[in-house]
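# Residue-level structure breakdown
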Amino acid sequence: MKKIIIGENIVKSFGAGKEKYNVLNGVSAKIDKGEFVAVMGPSGSGKSTLMFAMSGMDGIDGGKIAFDGLDLSALSENELSDIRRTKMGFVFQQPTLLKNLNILDNIILPSMRDNRRSALKITGKAKALMKKTGIAELEKRDITQVSGGQLQRVGICRALMNNPTIIFGDEPTGALNSKSAQEIMDIFSEINAEGTTVMLVTHDAKVAARTERIMFMRDGNIVSELRLPKFGGTNMDDRIARVTEKMRDIGI
Ligand SMILES: Nc1ncnc2c1ncn2[C@@H]1O[C@H](COP(=O)(O)OP(=O)(O)OP(=O)(O)O)[C@@H](O)[C@H]1O
Ligand SMILES: [Mg+2]
């Protein structure tokens, strides 16, 4: 399988001098092109830090990260931000949206900087994504007039505007109830089935059970991994049981 990200012995530390401490202790992790992976682990174990490192959002203090064959440490800040903008999509627990813009404008805003595409094309793409994620009728709504699940769909649409190779989600369902969380996972599953690589951080066994590989972290290391077949929709209870058993084994 072709790799989209290869991280080798990643070290990330915070603080300085005597106060310096490692948050990632030589983590090695690879992600295949087209893979759907999750990262689980206790609070503070380094999940977000690993995701930020692997996406080049944050620099690292040791080790090496290759994205699509490019050594991230060899790139200038401009080259890095180009890659993030054109090849990566990011979704967080709460999307950061602008209150004075409606939903459609919030989705298209980041893409408007891209002068290779016409405004008409950008708007067309946004509308297609809104339809796909079930929020087509909300385009003129203010962001304060929609539910948390709908808001998260807005964040996903925005992240997909540039057809990213990979989408990173840091607890994208963390603020949602179980039903909305599964609906958001339906969208991630669909995106993944269409070929986009997906990497999610989650605390929720039901969310992780939708992916095909789960990396378990503890104290800045990946301590275990669970592989599941691609999600088919029928054997959810069995998948959740496998995830929760593993969580229990490693004490999450
Ligand atoms: N900017 C920072 N400065 C100093 N320490 C930090 C910084 N960011 C994270 N840390 C520390 O690094 C460790 C790992 O943080 P990280 O956010 O990666 O954990 P996490 O596994 O994502 O946790 P959670 O599940 O609570 O989101 C924690 O001890 C945290 O306090
Ligand atoms: Mg986190």
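The present account deals with the structure reproduced in this document. (Residues numbered from 1 in each chain as written. Chains lettered and ligands numbered in written order. Predicted model: local features only at pLDDT ≥ 70, side-chain atom pairs only at ≥ 80, totals over all residues. Heavy atoms only, no water.)

What follows deals with the pattern of salt bridges. Under the defined criterion, the tally for this structure stands at 15 salt bridges. In this structure, Glu35 engages Arg213 in a salt bridge whose closest nitrogen and oxygen atoms are separated by 2.7 Å. Here Glu35, found in the loop between β2 (21–32) and β3 (36–40), pairs with Arg213, found in strand β9 (residues 213–218); they are 178 residues apart in sequence, far enough to count as distant. Among the residues examined, Glu35 registers a relative accessible area of 4% and is labelled buried. In this structure Arg213 comes out as buried when scored by relative accessible area, which is 3%. Glu139 is paired through a salt bridge with Lys140; the nearest N and O atoms lie 3.3 Å apart. One network of salt bridges, with partners in common, ties together Glu35, Arg213, Glu225 and Arg227. (Salt bridge = Lys/Arg side-chain N within 4 Å of Asp/Glu carboxyl O. Helix = DSSP H or I, 4+ residues; strand = E, 2+ residues; numbered from the N terminus. Buried < 20%, exposed > 50% of the residue type's maximum accessible area, 1.4 Å probe, protein only.)

A few words now on the sheet that holds strand β5 (residues 70–71). Judged by pairing direction, the sheet is antiparallel, and its 4 strands sit side by side in the order β2-β1-β4-β5 without closing on themselves. Looking at which strands have only one partner, the edges of the open sheet turn out to be β2 and β5. Pairing of strand β4 (residues 62–67) with β5 involves 2 bridges; the strand directions are antiparallel. What sits directly across from Phe67, in β5, is Leu70. Along the sheet, helix α1 (residues 47–54) makes contact with β1 (3–14), β2 and β4, crossing β2 at roughly 60 degrees. (Pairing = 2+ DSSP bridges. Contact = heavy atoms within 4.5 Å. Axes fitted to C-alpha atoms, helices over the stretch in contact; angles between N-to-C directions.)

Mapped onto the elements, Asp170 comes out in strand β7 (residues 166–170). Despite its burial, Asp170 pairs with no opposite charge, the nearest such side chain being Lys47 at 7.1 Å. With sequence-adjacent residues up to four places away left out, Asp170 is seen in contact with Ser48, Met51, Phe52, Val91, Phe92, Gln93 and Val201. (Lys, Arg positive; Asp, Glu negative; His and termini not counted.)

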